[in-house]
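Read off the chains here:
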Amino acid sequence: MSRLTDLIAQAKSKDSDLGRELEREFKALTNRRAFGLNFERHRPESVELPGRPVRKGDKVRVLPPRGETTKGDQRLWKVRSLSGKGTERVAQLELIGAAESETQDVAVADLIVIVEFREYIYPGLVSTGKVERGGDKPYHTVINGENFHALEALTFTHRGSIDVIYIDPPYNSGAKDWKYNNDYVEKEDLYRHSKWLAFMERRLLVASQLINKQDGVLIVAIDDKEVARLGLLLEQVFPDAEIDMVTTVINPRGKYRKGRFARCEDYLYFLTFGSAEVQGEPDPDFAEGAAISWRTLRRSDITSARGTKKGGTGQFYPIYVDDSGRIESIGQPLEHGIDRNSAPSKDGCIAVFPMRDDGTEMNWGLTAPSLKKLLKDGYVRVGRATPNKPQKYEISYLTSGRISDIQTGRATVTGKNRDGSVRAEYVTHKMKYPVTSWARLSHNAEVHGTELVKSLLGDKIFPYPKSLYAVEDCIRLFLGNKLDAVVLDFFSGSGTTAHATMLLNRKDGGRRQCISVTNNEVGADEGLELRKKGLRPGDDDWERWGICDYVTKPRIEAAITGRKPDGSSVDGVYDFDEDRPMADGYGENAEFFTLTYETPVAVNHNRAFARIAPLLWMRAGSEGRRIDAEPAEGWEVADTYGLLTNLDRAAPFCAGITAKEGIRIAYIVTDDERRFQAITRELPKGVEPVRLYESYLTNFRFAMGR
Ligand SMILES: C[S@@+](CC[C@H](N)C(=O)[O-])C[C@H]1O[C@@H](n2cnc3c(N)ncnc32)[C@H](O)[C@@H]1O
């Protein structure tokens, strides 16, 4: 070991980058678990930033010529200098990591900027539109961007404060459903699983900084391809969580796979933190107004037939039912072996014995004395006459649980039947804890996912959205009584989670908000077609087909406004929300953003501020007015936060904050810790002081992957 450490130190002194790289790999090897999930962390991920202007010092790739569908040169180049103007602009490039120096000049228009995950980034947000129908409610936000970087930005706005994270990541089906380092991961890729694990682990580690560890929940949807590995990964990344797994039928007909079981389900991991608890759900069998349920008195299971040990003794006796269908009396039990026809007969009555249709003698479910007691209280019911069957009447009774429902007032007796038995119905919902296996019609992904998205967007297609009601169930089970909760989905796809949050708000008047993050990728086939037409990522005619612009934002907008992108009303009803017309929309607000990558140098103050303004607003609750430009007065107070940029104006700033109700955060821009502390002492209780450095972007320098 010490020899290796020495060698690494030597390598570092010769080439610091190489030395650090070696050290990282060495640490990874020595930290390998003896037991558990071991996997290759792979080359650090990188992301292409189409449309980001090329600057000196950037890492870039050279794009293949327009119209070509090959991957082109995958090597990374560093921009040494730039010359020329406009379309003539040329970059002087040097190959990164080459033993022999290699340089070339390439038109800037043929370059794409690359950010490696372990580099520092300075994220910002640019608003690209909003929908407002929710009055003073908080805004749902949609961020178009690489989720790893968006998550990093959220560590400033939402550290430890997300109530529910719901994600439905790519399932790693091998069918070009996700990319690692800009490359689709295909079935034949030997590292397919470890790439997926490395991809997920990086994001989950950042997400773990966002989840509210007091009582937050992380929900991950997955199918059979990665369910086992994901389970182990979640245990390793979140050792302090309770983990439950639910099996949920989303395609009742099953997916045909030759020679194999037709798969019909998905899996949901629920990770609960701190005091988070799943809430009970109204039991449909005990819904308000539902009639109380009766149990058949005859034992059903053959091992409880007459004369069996399990069936007990004393439970084979006649029940005398008169002509009017009332129980006249209950007879004496017959010893096993005694012919039932030898039981005494009664005038005008039929002796009913527990008999199967095939003539098998069974037992009643209660002894004669117990039944007599229930009969007195009206808890035994005579059902249909069945003269052609061996048992001449159906008989049922109320179990002790149902009797207790009546006695405790959960169910009320509304009258009596002709036979003297009670009629009772539930006055309040009875709750039950959801079980770990779900087969709910409302979770059908085809009907309430694909079809529902089609109703909202016309002919636009999104592959495999979740059922709206399935996601609503997931979040409601934990947020039923958290009306101000914050939900996050960083693989949001078509935006089902935001829609489900709005649906839940509609049902119970909540003010919950959802943050949706998704990239703007186009499908594999679509990408190929666009390339053939000479288009490239970053071109307007390419980007408009991307998921975020083409599906996520329009879907959320259509759900709120009740209007499709073409302006017509959305047809159809919400099947599991009282059949409400979808055209009614929701009283909610949403704002759409694109994640930007700023450089700390060469950015002027005002622009830097404009890009972080949405982050300040989000941290204060994504509610009310936003301060979008540096305040001319040196301070400003919006609806939920205030901003002080000129410390000499601290007095009116603090007075302004004190005068306004509902202020949560006071942002104070200063590099001077002592003056910052002095101002915080003047702020009212309950207002969180947050210090920002004068060079704004340094507040937002992230490099989680380092
Ligand atoms: C399985 S889909 C989610 C579907 C969603 N639950 C719904 O109901 O529509 C996963 C989504 O994550 C997005 N995605 C995959 N990798 C991403 C990344 N690194 N950053 C941001 N989004 C990503 C994909 O664009 C895809 O739309």
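Once that is clear, we can look at the overall build of the protein chain. Helix and strand content of the protein chain: 16 helices and 34 strands. Principal-axis analysis of the C-alpha atoms places the extent of the protein chain at approximately 115 × 65 × 60 Å. Here the protein chain holds 706 residues, and 49% of them are scored as buried. Excluding contacts between residues fewer than 6 apart, the proportion of contacts in the protein chain whose partners are at least 24 apart in sequence is 68%. Counting every atom, the protein chain has about 34100 Å² of accessible surface; 49% of that belongs to carbon and sulfur. Computed over 102 positive and 104 negative side-chain charges, the inter-centroid distance for the protein chain is 3 Å.

Glancing now at the pattern of salt bridges. Within this structure, the stated rule accounts for 63 salt bridges. A salt bridge links E48 to R61, with the nearest nitrogen and oxygen atoms 3.1 Å apart. Placement of the pair is E48 in strand β1 (residues 46-49) and R61 in strand β2 (residues 59-62), with a sequence separation of 13 residues. Owing to a relative accessible area of 23%, E48 belongs among the partly exposed residues under this scheme. Assessed through its relative accessible area of 5%, R61 is described here as buried. Across the pair D224 and R257 runs a salt bridge, and its minimum N-O distance is 3.2 Å. You can see D224 sitting in the loop between β12 (217-222) and α5 (227-237) and its partner R257 sitting in the loop between β13 (242-249) and β14 (265-272), a full 33 residues away along the chain. When its relative accessible area of 26% is taken as the criterion, D224 is described as partly exposed. Look at the salt bridges and you will find they share partners, linking D168, D223, D224, K225, R257, R263, D266 and K466 into a network.

Next up on the list: the site of the ligand. Taken together, 20 residues are adjacent to the ligand, and D168, K466, S494, T496 and N519 come closest. Separating a nitrogen atom of the ligand from a side-chain N or O atom of D168 is a distance of 2.7 Å. Between the ligand and K466, the relevant distance is 2.8 Å, taken from an oxygen atom to a main-chain nitrogen or oxygen of the residue. When the ligand is considered free in solution it has 610 Å² of accessible area, and contact with the protein chains removes 92% of it. Across the shell around the ligand, the residue classes break down as seven nonpolar, eight polar and five charged.

Below, the discussion takes up the sheet that holds strand β17 (residues 319-322). Taken in spatial order, the three strands line up as β18-β17-β19 in an open sheet, and their pairing is antiparallel. In this open sheet, the two edge strands, each paired with only one partner strand, are β18 (327-330) and β19 (349-352). When strand polarity is set aside, the average angle formed by the axes of neighbouring strands in this sheet is 25°. Alignment of β17 against β19, held across four bridges, turns out to be antiparallel.

With respect to the helices and strands, the residue A655 is situated in helix α15 (residues 650-659). Look at A655 and you get partly exposed, because its relative accessible area is 47%. Residues A655 and S13 lie 642 residues apart in sequence; the distance between their C-alpha atoms is 56 Å.

A maximum bend of about 25° is found in helix α8 (residues 445-457) at E451. Against the buried residues of α8 lie α9 (468-479), α10 (496-508) and α13 (547-561). Just downstream of α8, G458 is the residue with a positive phi angle, here 75°.

Let's shift gears to the domain arrangement of the protein chain. Partitioning the protein chain into structural domains gives domain 1 (46-116), domain 2 (123-218 + 446-593), domain 3 (286-426) and domain 4 (624-700). With 17 residues of domain 1 in contact, the opposing surface of domain 2 contributes 15 residues. With both sides pooled, the region where domain 1 packs onto domain 2 buries about 1300 Å², and carbon together with sulfur makes up 46% of that total. Interface area lost by domain 1 to domain 2 is led by V47, R66 and T69, which between them contribute 37%. Where domain 1 packs against domain 2, one counts two salt bridges. For D539, the salt bridge is made with R66, and the minimal N-O distance between the two is 2.7 Å. Here domain 1 is connected to domain 2 by five residue pairs in polar contact (both at pLDDT 80 or more).

One pass over the full model with this rule turns up two cavities of 30 Å³ or more. Lining the largest cavity, in full, are Y166, A221, T248, I250, D266, L268, W438, H443, K466, A470, V471 and C474. Secondary structure elements with two or more residues in the lining of the largest cavity: β14 and α9. The greatest single-element share of the lining of the largest cavity, amounting to three residues, is contributed by α9. Taken together, the residues that form the lining of the largest cavity break down as eight nonpolar, two polar and two charged. Here the second largest cavity defines a volume of roughly 50 Å³. Among the residues making up the lining of the second largest cavity, the classes are represented as four nonpolar, one polar and four charged.

As a further point, take unusual backbone geometry. With a phi close to 60°, N172 is a non-glycine residue in the positive phi region. Mapped onto the secondary structure, N172 falls in the loop between β9 (164-167) and β10 (179-180). You can call N172 buried: its relative accessible area is 0%. The phi torsion at S622 lies on the positive side, around 50°, for a residue other than glycine. Among the secondary structure elements, S622 is positioned in the loop between α14 (605-619) and β31 (635-637). Judged by its relative accessible area of 0%, S622 falls in the buried class.

Here the focus is the packing of helix α1 (residues 2-14) against helix α2 (residues 16-30). At a minimum axis distance of 5 Å, the contact between α1 and α2 shows a crossing angle of 155°. Considered as vectors, α1 and α2 are oriented roughly antiparallel to each other. For the pair α1 and α2, the crossing hand works out as left-handed. Residue-level contacts link L4, I8, A11, K12 and K14 of α1 to S16, G19, R20, L22, E23 and F26 of α2. The class makeup of the residues in the contact of α1 with α2 is five nonpolar, two polar and four charged.

Moving on to the sheet that holds strand β33 (residues 665-669). Taken in spatial order, the four strands line up as β31-β32-β33-β34 in an open sheet, and their pairing is mixed. Each end of this open sheet is capped by a strand with a single partner; those strands are β31 and β34 (688-692). Averaged over all neighbouring strand pairs, the angle between strand axes comes to 15°, with direction disregarded. Sitting on the sheet, α15 touches β31, β32 (641-644) and β33, and the angle it makes with β31 is about 0°.

This paragraph deals with the environment of W294. In this structure, W294 sits in the loop between β15 (281-282) and β16 (295-296). For W294, a relative accessible area of 17% gives the class buried. As a C-alpha pair, W294 and L398 span 104 residues in sequence and 5.2 Å in three-dimensional space. The contact partners of W294, leaving out residues within four places of it in the chain, are G378, Y379, V380, R381, S396, Y397, L398, S421 and V422.

Scoring rules and cut-offs
Residues numbered from 1 in each chain as written. Predicted model: local features only at pLDDT ≥ 70, side-chain atom pairs only at ≥ 80, totals over all residues. Heavy atoms only, no water. Helix = DSSP H or I, 4+ residues; strand = E, 2+ residues; numbered from the N terminus. Buried < 20%, exposed > 50% of the residue type's maximum accessible area, 1.4 Å probe, protein only. Contact = heavy atoms within 4.5 Å. Areas by Shrake-Rupley, 256 points an atom, 1.4 Å probe, with all protein chains shown as cover. Lys, Arg positive; Asp, Glu negative; His and termini not counted. Charge placed at Lys NZ, Arg CZ, Asp CG, Glu CD. Salt bridge = Lys/Arg side-chain N within 4 Å of Asp/Glu carboxyl O. Near = heavy atom within 4 Å. Polar contact = N/O pair within 3.5 Å; in protein donor to acceptor, adjacent residues only side chain to side chain. Nonpolar A, V, L, I, M, F, W, Y, C, P; charged D, E, K, R; others polar. Pairing = 2+ DSSP bridges. Axes fitted to C-alpha atoms, helices over the stretch in contact; angles between N-to-C directions. Bend = angle between axes of the 7 residues up to and from the residue. Domains from an automatic or database assignment. Buried area = accessible area lost by both parts, 1.4 Å probe. 1 Å grid on protein atoms, 1.4 Å probe; cavity = no way out; pocket = protein on both sides within 12 Å on 5 of 7 lines; lining within 4 Å. Points joined across faces, edges and corners; volume = space filled by probe spheres on them. Parallel < 35°, antiparallel > 145°, perpendicular 65-115°, else oblique. Left-handed = near helix turned anticlockwise from the far one by under 90°.

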